[in-house]
Amino acid sequence: MLESLLAQADMNGSVNVAMNIAFGIIATVMIFAAFSVVTTKNVVHAALYLVVVLAGVAAQYILAGAEFVAVSQVMVYIGAVMVLFLFGIMLTRAQIGKEEGLNNKGWQLGIPVALLLFGLMAYVIVDTYEDTVIGERTPFLTEGISDHVLSPFLVPFLAISFVLLAAAIGAIVLARKD
Amino acid sequence: MLAVNFLLLAAVLFCIGVFGVIARRNAVMVLMSIELILNAVSLNLVAFALMNNNQEGQVFALYIIAIAAAEVGVGLAMVLMIYRNRKSIALDELSEMKG
């Protein structure tokens, strides 16, 4: 990985150092927060760590040149989904603070599974994209997203609006007291 | 900027989410881990859009965001219903459908 970075520096004359540093900082914070989500003993803390992860993903979207997706991520996830999660926690939980028994009895089984999966994926990714360098690109326009959504992906778009409608009605039907 | 950066970060998030789904007993925590997994996938799609200079990946990421919102709405409604009926949302106590 380092060699290809240096090769890129030789080729283009410059590596975008600021972008790499920003990526590294955000990625570290995100991984720490994601790890805390699955290990903390406090459900409310897990939800707040999840906010950090989602905001980090939005920042990575901006680094990847996807501003519209980043703004949608902030609005939908941090704005709406987190409120849903906090309401879900408040409505289903009596005790505040640390809680025992958040993990399954056989929760250690998850560690080898996750490590094996990560090893496999990391091997495949590094093997495939080892030297692929993302160069300087002309920035994407949000207009392009609307062009894609409203002409080639119009049918999935309509299907998704129907799914959202069905999910809203289904959630009301499920959660209503009768 | 190497393509491997984004993809490895997404792989780490995905595996942490899978660990959470396996290890957690509380249904709300499992839903949170599923959110981690979905975010990892859409981060991958945005990275592929950047690599191939093709905006379709961003469109798919937007669709994933919409699906995730629907999934959380229905999932939390189901969790609320289970809590109302059983006063507990521990997943290993749900054994009605065991054969």
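Everything quoted here is computed from the prediction, not taken from an experiment. Every chain begins its residue count from 1, and numbering advances along the sequence as written. Chain letters and ligand numbers both follow the written order, the letters beginning at A and the numbers at 1. Confidence filtering applies because this is a predicted model: local features only for residues at pLDDT of at least 70, side-chain atom pairs given and counted only at 80 or more, and all residues used for totals across whole chains, interfaces and linings.

**Student:** A description of the overall build of chain B should follow, citing residues and the corresponding values.
**Tutor:** Note on conventions: DSSP H or I runs of at least 4 residues are helices, E runs of at least 2 residues are strands, and numbering of each starts at the N terminus. A count of helical and extended segments in chain B gives 3 helices and 0 strands. The order of α-helices and β-strands along chain B, N terminus first, is α-α-α. Seen through its C-alpha atoms, chain B measures out along the principal axes to roughly 50 × 25 × 20 Å. Residues are treated as contacting if the C-beta atoms built from their backbones sit within 7 Å of each other. Here the contacts in chain B between residues at least 6 apart in sequence split such that 46% fall between residues at least 24 apart.

**Student:** I'd like to hear about the packing of helix α7 (residues 154–175) of chain A against helix α3 (residues 56–86) of chain B, residue by residue, with values.
**Tutor:** Where helices are involved, their axes are fitted lines through C-alpha atoms of the stretch in contact, as for all axes, and angles between N-to-C directions lie from 0 to 180°. At a closest axis distance of 9 Å, the pairing of α7 of chain A and α3 of chain B adopts a crossing angle of 15°. Here α7 of chain A lies roughly parallel to α3 of chain B, going by the angle between them. Regarding α7 of chain A and α3 of chain B, the two cross each other, and that crossing is left-handed. Contacts between α7 of chain A and α3 of chain B pair P156, I160, V163, L164, A167, A168, G170, A171, L174 and A175 of chain A from the former with Y63, A66, I67, A70, G73, V74, A77, M78, L80 and M81 of chain B from the latter. Roughly parallel means an angle under 35 degrees; roughly antiparallel, over 145; roughly perpendicular, 65 to 115; everything else is oblique. Put simply, a crossing is left-handed when the front helix is turned counterclockwise from the back one by less than a right angle, and right-handed when it is turned clockwise.

**Student:** Summarise the interface of chain A and chain B; cite the residues concerned and give the values.
**Tutor:** Listed by partner, the interface residues are 75 residues for chain A and 60 residues for chain B. Looking at the side of chain A that touches chain B, the element that brings in the most residues is helix α4 (residues 67–92) of chain A, giving 12 residues. Class assignment for the residues of the side of chain A that touches chain B results in 56 nonpolar, 17 polar and 2 charged. Under the scheme applied, nonpolar residues are Ala, Val, Leu, Ile, Met, Phe, Trp, Tyr, Cys and Pro; charged residues are Asp, Glu, Lys and Arg; polar residues are all the others, including Gly.

**Student:** Now, about α4 of chain A: what can you tell me, with residues and values included?
**Tutor:** Here α4 of chain A contains 26 residues, and its C-alpha end-to-end distance of 36 Å stays within 8% of the 38 Å for a straight helix at 1.5 Å per residue. Here the bend at each residue means the angle between axes fitted to two seven-residue stretches, the one ending at that residue and the one beginning there. Most pronounced at V81 of chain A, the bend in α4 of chain A amounts to some 30°. Exposed residues have 12 or fewer other C-beta atoms within 10 Å of their own C-beta, buried residues have 20 or more, and partly exposed residues fall in between, where C-beta atoms are placed from the backbone. Taken residue by residue, α4 of chain A has F68, V69, A70, Q73, Y77, V81, F85, G88 and T92 of chain A as its buried positions. Where α4 of chain A is buried, its residues touch α3 (43–63) and α6 (142–150) of chain A together with α2 (27–52) and α3 of chain B. The span you would expect from a helix comes to 1.5 Å times its residue count less one.

**Student:** I'd like to hear about helix α1 (residues 3–23) of chain B, residue by residue, with values.
**Tutor:** End to end, α1 of chain B covers 31 Å across 21 residues, agreeing with the expected 30 Å (1.5 Å per residue, within 8%). Among the 21 residues of α1 of chain B, 20 are classified as buried, and the element is accordingly described as predominantly covered.

**Student:** Can you tell me about the nonpolar core, naming the residues and giving the values?
**Tutor:** To count as a nonpolar core, a set of buried Ala, Val, Leu, Ile, Met, Phe, Trp, Tyr and Cys residues must be joined through C-beta atoms within 7 Å. If you look at the biggest cluster of nonpolar residues, it comprises 79 residues, and the most contacted ones within it are V37, V53 and A66 of chain A together with V46 of chain B. Taken together, the elements giving at least two residues each to this core come down to α2 (17–39), α3, α4 and α7 of chain A together with α1, α2 and α3 of chain B. Sorting elements by how many residues they give to this core places α1 of chain B first, with 17 residues. Among all residues touching V37 of chain A, those that are not within four sequence positions of it are A46, Y49, L50 and V53 of chain A together with G20, M32 and L36 of chain B.

**Student:** Tell me what's going on with the environment of S33 of chain B, and back it up with residues and numbers.
**Tutor:** Structurally, the position occupied by S33 of chain B is in helix α2. Judged by local crowding, S33 of chain B falls into the buried class, with 24 C-beta atoms found within 10 Å. Taking the C-alpha atoms as reference points, S33 of chain B and A23 of chain B, 10 residues apart in sequence, are found 10.0 Å from one another. For S33 of chain B, the residues in contact, after removing those within four places along its chain, are V38 of chain A together with G17, G20, V21 and R24 of chain B.

**Student:** An account of the confidence of the model for chain B is needed here, citing residue identities and associated values.
**Tutor:** Summarising the model, chain B shows a mean pLDDT of 89, and 98% of its residues fall at 70 or more. ipTM for the predicted complex: 0.91, alongside a pTM of 0.88. By definition, pLDDT measures how confident the predictor is in each residue, and it falls between 0 and 100.

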